[in-house]
Amino acid sequence: MVYDAGHFDVIVIGAGHAGVEAANAAARRGAKTLMLTLNLDMIAFMPCNPSVGGPAKGVVVREIDALGGLMGKVIDKTYIQMRMLNTGKGPAVRALRAQADKPLYIQEMKYQLEQLEHLTIRQAMVERLMIEDGVCKGVLTETKAAYYAPSVIITTGTFMRGSVIIGDLSYESGPNNQRASVKLSEHLEELGFELVRFKTGTPPRVNARSIDYSKTEIQPGDENPSHFSYETKEAILDQIPCWLTYTNETTHEIINNNLGLSAMYSGMIKGTGPRYCPSIEDKVVRFHDKPRHQIFLEPEGRNTEEVYVQGFSTSLPEYVQHEMLRSISGLEEAEIMRAGYAIEYDSVVPTQLWPTLEIKQLPGLFTAGQINGTSGYEEAAGQGLMAGINAAANALGIDTLILDRSQGYIGVLIDDLVTKGTNEPYRLLTSRAEYRLLLRHDNADLRLTEIGYELGLITEERYKSFKEKCALIEQEKVRLSKLTIKPSQELDQKLIEAGGTGLREPIKALDLLKRPEVTYSFIVSLYEETDAIPVEVQEQVEIQVKYEGYIVKARQQVERMKKMENKAIPNQIDYDAIGGLATEAKQKLKQVRPLSVGQASRISGVNPADVSILLVYIEQGQIAKRSEPII
Amino acid sequence: MDFDTIAAISTPLGEGAIAIVRLSGDDAVNIAAQIFKGQNLTEVKSHTIHYGKIIDPESDELLEEVMVSVMRAPKTFTRQDVIEINCHGGLASVNRLLELVLHLGARLAEPGEFTKRAFLNGRIDLSQAEAVMDLIRAKTDKAMKVAVKQLDGKLSRLISQLRQDLIETVAHVEVNIDYPEYDDVEEMTEQLMLEKTKYVYSEIERLLTMARQGKILREGISTAIIGRPNVGKSSLMNTLVQENKAIVTDIPGTTRDIIEEYVNVRGVPLRLVDTAGIRETDDIVEKIGVERSRQVLKEADLILLVLNGNEALTDQDRQLFDLIKNMQAIVLINKTDLVQLIDRNEVNLLADEHQVVATALVEEAGIDQLEQAIADTFFAGQLEGSDLSYVSNVRHIQLLRQALQALDDAIHAIADGMPMDLIQIDVTRTWQLLGEIVGDTVHESLIDQLFSQFCLGK
């Protein structure tokens, strides 16, 4: 018997990285939220690599934090190692990455969610949606519980019709032998959703006690770790290293000899896999002249001996995995604790979504995370956050939020997905962002805190300290613009030592800072001032002053883009009625239904002439409206 | 709406005696004022027309006598500030004018863009909207066809190759950024980046040089005939015209009596300039003096200096030799059918590296040698007309110039010690600009490159 199990504003199906952010954001906005998961012990579980962040992804984590999300706070409390990457490069591409303690991460995330005022968490398997008059009204579980809500978010990751493959073994399963979600997938298909089959994989885990680390290279964390969350104050100093080793000719020979047994090469797997996360079979086949590949050994936590063999994703039979591993230096005695596997799953073709992540054909239904064809915890979390914000908006009648490509990597990610779709699991790369210099990890708070505060996602206290930081940055820039530095022998010597040339005449400190060899601390070192400003303020001042030329250029590009972005396309537009549009453009526009001319111009197959015609057509409508008689 | 300033030649190409370059946008008046010698256009009344000269502000070179109309918003076709520059002269000078305004910050108008602006600014009424859309479609398709036709296959391959070089470099930088722990690619160094950018820079420069050569081929080599009175200048001209069954296009200007005649000499198109002066007076040096000759010479790609073999060299002759120093010139010793009083040794000395040809134009002697000399001068025995692949489209030239500028920025950034990911911004921009020439700007191809070039993924 179906029973009424309760009424909510927002229901989140799934509690992975997308689900938890969605639930958190919706609840923080004041929506009465229900989060349903198959397994309460697996909230925010990391089924693949034990790490968070890295280039582009690390910026996403900071963006999530600036909008009141959880990922940054939780990893900051549970990391076993923190590293700043790309420190030798420009400010736009510096990236923070943490090695996670998987079990602790789950525990901490669950605990944080349990503290939320408006959130209910329950263990359940959802089988179908309840739909009335073409609008989603709630969900029905396998135990016949009916939960009602005007907004439903599906964040089922790789669980939908998930299928695990190891060699010639294949069975229905979600990641890590959890139950697959089959009925929901079938239900979405019945509803007419376009689904696509993707594939990903994971490497074997080995017992640390069977590894000879002396034959590998140590990869320690940073001595003075930075953090993802702007609220984190305390560092974890007791860090655990990772280790680096390599495959060799023998490993490659074993792989080549057994290639026919790999699920990927035997034809068992039909789904499309990501190019940036290739299996070791793929690497050996596609780059056969490379004598070795890097293998990182990454501990999965403090209180476990399991070690993740990064770079060794495979779907070869278990016995071959043993043989391959043991050909590697340091792993000669390695004991596999879990075998590597490939997983195929259903995902929703993301061009079916509005940029709010609501499904176009079913108002009230949102999807977020890997179900939308992405890959990676951070990409999932970013979408979850946005879906949560917008699902709450839909339920409560408050402001929605769409980030554009100049506001954040989250904006780039969602715009790419809903505008272009993807034919492989989508991963963020810094090169996907045309305004990379503006989307830095150091300024995520400057870009987004204001928005987070307006939407009620950020506490008053945090907002206050943010405003203080902004004021300090401005003050310091003004101070440097007034401070005159006079030439002296001592200064010249310092400048020459730093690789520059001496001063000829007095110069403002701000202008001196623009020199490549001069850093902020160099300028401070010229004076005996003790009133040091916070490191993050120093960093901002230095970046904003040093790269001003490039930043201004990028802002001008953004302004040009915004002109087109602000040109809204009416929702009821009939593309068939527009004579001049090319047939391909018509089809694409009807499918994507872009919200603005800017978005339309990014659809492949819509060329500049089509964009011009669209502009003229829309303007025609505006003129028609203006010329209507006012009664 | 769009307030950037656009420009285009708004009269049909190659027809008519007057050509108009039109500008529309906030900067239209400013740009015109920078190249206009005459009244200060920024201060003149709206809807007025002004006589003056166009100068290249960088070289101060005089290009053209023009009439400029200044029409300020909103009572204009596009409801923006509009400038119309009326000029005479051939395709060459109109193109030059267009290039100049583009160089000063105007953007080449897209097909139908003036009309589109007129419409979007409410200048054209609703009933015409359909027509506007058709126009945009038709013009865009036509422009596309023309652009593709103008893009020679060899040139296209060359640009594609440069783009490939650039994208490999960019992918290299990107891989360092997105996969910092990937140890198989060494870090992109300033040294390597400098080599790459400088190489592409020199290649684009070469393309632009070839573009100039191509322009000469297409528009004719402007050729001036100079010499004292009665040395045989008009005979030379008549001989060249008759010998080569010239396509004579008389374009009587409205303010100047310039007649240009086109002749084709062994595949070299010559545009004989200021021929009116020669015909009517046969007396160019005497009449208007050395100064005027200097002016004619400045505009010429080739000079034919005619001497009278029947007379000794005069000071005027020697002055003319001074004028042609460092220019492409051929020296003719005419009237070899008469008694030779000229000092050949002195002529050879004065001619320096210029070729000297002996002719008796009245007897039609020496013409073969002259034509060979002309052909040698321009093809130097290595360039065959059919072998040239050059950039001819103004838009393409503009894009190449922008690409050059972007590369220049990158090279400066390297010198300034900027981080690689910032230097890369201008390199990527170059790649995109070149992509606009060959019609490929899809960003996704960078990501494809990344994954085909490197074995990535941990």
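Note that this is a predicted model, so its numbers are computed, not measured.

Re the overall build of chain B
No. 1: Scanning chain B for helices and strands turns up 15 helices and 13 strands.
No. 2: Among the 458 residues that make up chain B, the fraction classed as buried is 52%.
No. 3: Once local pairs closer than 6 in sequence are excluded, the contacts in chain B between residues at least 24 apart make up 68%.
No. 4: If you sum the accessible surface of chain B, you get close to 20700 Å²; carbon and sulfur atoms cover 49% of it.

Considerations on the side chain of A:Glu344
Residue and element names in this part refer to chain A.
No. 1: Structurally, Glu 344 can be placed in strand β21 (residues 341-348).
No. 2: No salt bridge is formed by the buried Glu 344, whose closest oppositely charged neighbour, Arg 197, lies at an N-O distance of 4.2 Å.
No. 3: Ignoring any residue separated from it by four or fewer positions in sequence, one finds Glu 344 in contact with Arg 161, Gly 162, Ser 163, Ile 165, Arg 197, Phe 198, Lys 199, Met 268, Ile 269, Lys 270 and Gly 271.

Description of the domain arrangement of chain A
The figure often quoted for interface size is the accessible area lost as the parts come together.
Residue and element names in this part refer to chain A.
No. 1: With domains assigned, chain A is organised as domain 1 (3-199 + 345-455), domain 2 (205-342), domain 3 (469-554) and domain 4 (567-620).
No. 2: Taken residue by residue, the interface counts 10 residues in domain 1 and 11 residues in domain 3.
No. 3: Note on domain 1 versus domain 3: buried area summed over both sides is about 870 Å², and carbon and sulfur give 65% of it.
No. 4: For domain 1, the biggest contributors to the area lost against domain 3 are Leu 437, Asp 442 and Leu 446; these three give 47% of the whole.
No. 5: In this structure, the connection of domain 1 to domain 3 is made through one salt bridge.
No. 6: Between Lys 469 and Asp 445 there is a salt bridge, with its nearest N and O atoms 2.7 Å apart.

Remarks on the pattern of salt bridges
Residue and element names in this part refer to chain A.
No. 1: Going through the model one piece at a time under the given rule, you end up with 53 salt bridges over all chains.
No. 2: Residue Asp 416 pairs with Lys 420 through a salt bridge whose shortest N-O separation is 3.4 Å. With Asp 416 and Lys 420 both in helix α10 (residues 409-420) and four residues apart, this pair spans about one turn of that helix.
No. 3: The exposure class of Asp 416 is buried, given its relative accessible area of 5%.
No. 4: Taking relative accessible area as the criterion, Lys 420 reaches 43% and is therefore assigned partly exposed.

Topic: the UniProt feature "binding site: Mg(2+)" (unreviewed entry) in chain B
No. 1: The feature "binding site: Mg(2+)" (unreviewed entry), as given by UniProt, occupies B:Ser234 and B:Thr255 in the numbering adopted here.
No. 2: Structurally, B:Ser234 is set in helix α7 (residues 233-243).

A short note on the UniProt feature "binding site: FAD" (unreviewed entry) in chain A
Residues and elements named next belong to chain A.
No. 1: Annotation from UniProt places "binding site: FAD" (unreviewed entry) at Gly 14, Ala 15, Gly 16, His 17, Ala 18, Gly 19, Val 126, Ser 181 and Gln 370.
No. 2: If you trace the backbone, His 17 turns up in helix α1 (residues 17-28).
No. 3: Accessibility expressed as a relative area gives 8% for His 17, which makes it buried.
No. 4: For His 17, the residues in contact, after removing those within four places along its chain, are Ala 44, Phe 45, Met 46, Met 71, Tyr 105, Tyr 377, Ala 380 and Ala 381.
No. 5: At 2.9 Å, the side chain of His 17 forms a polar contact with the backbone oxygen of Phe 45.

Side note on the packing of aromatic side chains
Residues and elements named next belong to chain A.
No. 1: Across all of its chains, the model carries four aromatic pairs over all chains by this definition.
No. 2: Each ring, one from Tyr 213 and one from Trp 243, has its centre 4.5 Å from the other, and the planes form 20°; the classification is stacked. Here the residue Tyr 213 occupies a position in the loop between β15 (205-207) and β16 (217-219), and Trp 243 occupies one in strand β17 (residues 242-246), the gap between them amounting to 30 residues.
No. 3: Among the residues examined, Tyr 213 registers a relative accessible area of 21% and is labelled partly exposed.
No. 4: Here Trp 243 falls in the buried class, since its relative accessible area comes to 16%.
No. 5: Both rings, one in Tyr 453 and one in Tyr 463, keep their centres 3.6 Å apart while their planes meet at 0°; by these two values the pair is stacked. Of this pair, Tyr 453 sits in helix α11 (residues 444-454) while Tyr 463 sits in helix α12 (residues 460-482), and the two are 10 residues apart along the sequence.
No. 6: The partly exposed category is assigned to Tyr 453, whose relative accessible area is 26%.

About the cut-offs
- Residues numbered from 1 in each chain as written.
- Chains lettered and ligands numbered in written order.
- Predicted model: local features only at pLDDT ≥ 70, side-chain atom pairs only at ≥ 80, totals over all residues.
- Heavy atoms only, no water.
- Helix = DSSP H or I, 4+ residues; strand = E, 2+ residues; numbered from the N terminus.
- Buried < 20%, exposed > 50% of the residue type's maximum accessible area, 1.4 Å probe, protein only.
- Contact = heavy atoms within 4.5 Å.
- Areas by Shrake-Rupley, 256 points an atom, 1.4 Å probe, with all protein chains shown as cover.
- Lys, Arg positive; Asp, Glu negative; His and termini not counted.
- Salt bridge = Lys/Arg side-chain N within 4 Å of Asp/Glu carboxyl O.
- Domains from an automatic or database assignment.
- Buried area = accessible area lost by both parts, 1.4 Å probe.
- UniProt positions renumbered as here; feature names shortened; annotations may be inferred.
- Polar contact = N/O pair within 3.5 Å; in protein donor to acceptor, adjacent residues only side chain to side chain.
- Phe/Tyr/Trp six-rings, centres within 6.5 Å; stacked < 30°, edge-to-face > 60°.

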